[in-house]
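A look at the structure
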Amino acid sequence: MLDIIPSGILVTTAVIFTAFIFIGFILARLYQRSSKEISFVRTGFGGEKVILGGGAIVLPVLHEIIPVNMNTLRLEVRRADDQALITRDRMRVDVMAEFYVRVKPTAESIATAAQTLGQKTMSPNELKNLVEGKFVDSLRAVAAEMAMEELHEKRVDFVQKVQQVVSEDLHKNGLELETVSLTGLDQTGFKYFNPQNAFDAEGLTKLTETIEDRRRKRNEIEQDADLAIRTKNLQAEQARMQIVREEEYAKLQQEREISIRRAEQLAEIAAQEAAKKREAEEAQIAAEREVDLKRITAARDVENQN
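Since the model is a prediction, treat every value here as computed from it, not as a measurement. Going along each chain's sequence as written, the residues are numbered from 1 onward. With pLDDT at 70 or above as the cut-off, local features in this predicted model cover only qualifying residues; side-chain atom pairs require 80 or more to be listed or tallied, and sums for whole chains, interfaces and linings still use all residues. Just so you know, side-chain values use all the structure's heavy atoms and leave hydrogens and water out.

1. Some words on the overall build of the protein
What counts, and what does not: Think of it this way: any DSSP run of H or I at least four residues long counts as a helix, any run of E at least two long counts as a strand, and we number them from the N terminus. Note on classification: 1.4 Å probe, protein chains only; a residue is buried when its accessible area is under 20% of the maximum for its type, exposed when over 50%, partly exposed between these limits. Here a residue-residue contact requires only that any non-hydrogen atoms of the pair lie within 4.5 Å. Per-residue and other accessible areas were derived by the Shrake-Rupley procedure at a 1.4 Å probe size, with only the shown protein chains allowed to occlude residues.
For the protein, the count of helices and strands is six helices and nine strands. By residue count, 24% of the 306 residues in the protein fall in the buried class. Long-range pairs, those at least 24 residues apart, make up 65% of the contacts in the protein between residues at least 6 apart in sequence. With the model as given, the accessible surface of the protein reaches about 21,400 Å², and the carbon-plus-sulfur share is 54%.

2. Some thoughts on empty space enclosed by the protein
Any empty space left between the atoms is revealed when a probe the size of a water molecule rolls over them. Rules: Both site types are read off a 1 Å grid over the protein atoms alone. A 1.4 Å probe that fits but cannot get out defines a cavity, while an open set with protein on both sides within 12 Å along at least five of seven lines defines a pocket; lining residues have an atom within 4 Å of a point. Grid points are joined across faces, edges and corners, and a volume is the space filled by probe spheres set on the points. Just so you know the grouping, Ala, Val, Leu, Ile, Met, Phe, Trp, Tyr, Cys and Pro go in nonpolar, Asp, Glu, Lys and Arg go in charged, and all remaining residues, Gly too, go in polar.
Taken as a whole and judged by the stated rule, the model has one cavity of 30 Å³ or more. Forming the boundary of the largest cavity are Asn-69, Asn-71, Leu-73, Val-101, Arg-102, Val-103, Thr-121, Leu-127 and Leu-175. For the lining of the largest cavity, the element with the most residues is strand S8 (residues 92–103), which contributes three residues. Considering only residue class, the lining of the largest cavity consists of five nonpolar, three polar and one charged.

3. Focus on the nonpolar core
For clarity, the threshold we go by: For this analysis, a nonpolar core means a set of buried residues of the types Ala, Val, Leu, Ile, Met, Phe, Trp, Tyr and Cys, connected via side-chain atoms within 4.5 Å.
Residues Phe-99, Val-101, Leu-127, Phe-135 and Phe-158 are the most contacted members of the largest nonpolar core, which totals 37 residues. Elements with a minimum of two residues in this core: strand S5 (63–69), strand S6 (73–79), S8, helix H2 (107–117), helix H3 (124–143), helix H5 (155–171) and strand S9 (175–187). Those residues in contact with Phe-158 that lie beyond four places of it in its chain are Leu-139, Val-142, Ala-143, Met-146, Leu-151 and Leu-182.

4. Side note on the pattern of salt bridges
Selection criterion: The salt bridge criterion pairs a side-chain nitrogen of Lys or Arg with a carboxyl oxygen of Asp or Glu, the two atoms within 4 Å.
Tallied over the full model, the rule gives 13 salt bridges. Among the ionic pairs, Lys-217 bridges to Asp-213, the shortest N-O distance being 3.4 Å. Taken as a pair, Lys-217 and Asp-213 lie in helix H6 (residues 198–305) at a separation of four residues, close to a single helical turn. Using a relative accessible area of 42% as the deciding quantity, one classes Lys-217 as partly exposed. It is possible to trace a salt-bridge network through shared partners that takes in Arg-74, Glu-76 and Glu-98.

5. Details of a negative patch on the surface
Rules: Put simply, a patch holds well-exposed residues, over 30% relative accessible area, that have no salt bridge, with like charges counted together within 9 Å and Val, Leu, Ile, Met, Phe, Trp or Tyr side chains within 5 Å. A positive count includes Lys and Arg, and a negative count includes Asp and Glu. His and the chain ends are not counted in either. Lysine's charge is taken at NZ, arginine's at CZ, aspartate's at CG and glutamate's at CD.
Taken together, the side chains of Glu-246, Glu-247, Glu-248 and Glu-255 define an acidic patch exposed on the protein surface. Position of Glu-255 among the secondary structure elements: in helix H6.

6. With respect to the sheet that holds strand S2 (residues 38–44)
Short version of the rule: Pairing between strands is defined by DSSP: at least two bridges between them are needed. A fitted line through C-alpha atoms represents every axis, and for helices the fit uses only the stretch in contact; the resulting angles, taken between N-to-C directions, go from 0 to 180 degrees.
Overall, antiparallel pairing links the three strands, which are arranged S3-S2-S5 in an open sheet. Each edge of the open sheet carries a strand with a single partner, namely strand S3 (49–51) and S5. On average, adjacent strands in this sheet sit at an angle of 20° to one another, irrespective of strand direction.

Next up, the structure:
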């Protein structure tokens, strides 16, 4: 069979086959795929094309690609000390918040992120530097609508309002805000209130009044507590002394009853002894009288005989 096929055709076939293999190898090298973590936007020849969950041919000279990170990024924002937030009641609060953002997984959002952010989505620090101002503006705007106590007592409301305000701005960069976590909230130190600043002066005045009022109330509570403790101790001591007196009275009463009973018993014994002694004396007297009577009778009988 091979002898029948001309050698020229075999050469041509081999060349074509080799060419196909070479072209396939080149295409395989030029073909780039996206992943679940990274998509990309191809620009240049053929126009803009968003690659999400697929791949595309990227020609070195004709095309340019911009990778877009699809992972959720944690961007931490801290405003404290002289950069602290000012609340509605002109107080300063130190706030630490964590914003969890990602590029919205749609072709339009990926294209917007590639255009407005470039490759900054691949670096959380660079992305934070770019969008931190939006986070700070939203924190300041919401804090200005709430008093410091409200921020502490209604953290969920504060976070939700911040999320609503910043979401619209992030949408312009193709980003979406997954959640916001308020990890730190505290009053700013006294030394960071500037008395020459109108806001700080008002807040400092109110803060001083509040602290003094709380100190006065705390002193009143402490005094009342001390008075209550002393009163309770006095009542306890009086009750204890009353119990001691009653115990002493009971002891004296018992001793008195014992003494009376002892005296009664002694008197009874003495009476019994006296009665017995009297009976003995009376018996002795009777015996002596009988002896005397017998003596007299005997003497009388003798005298009568004589």
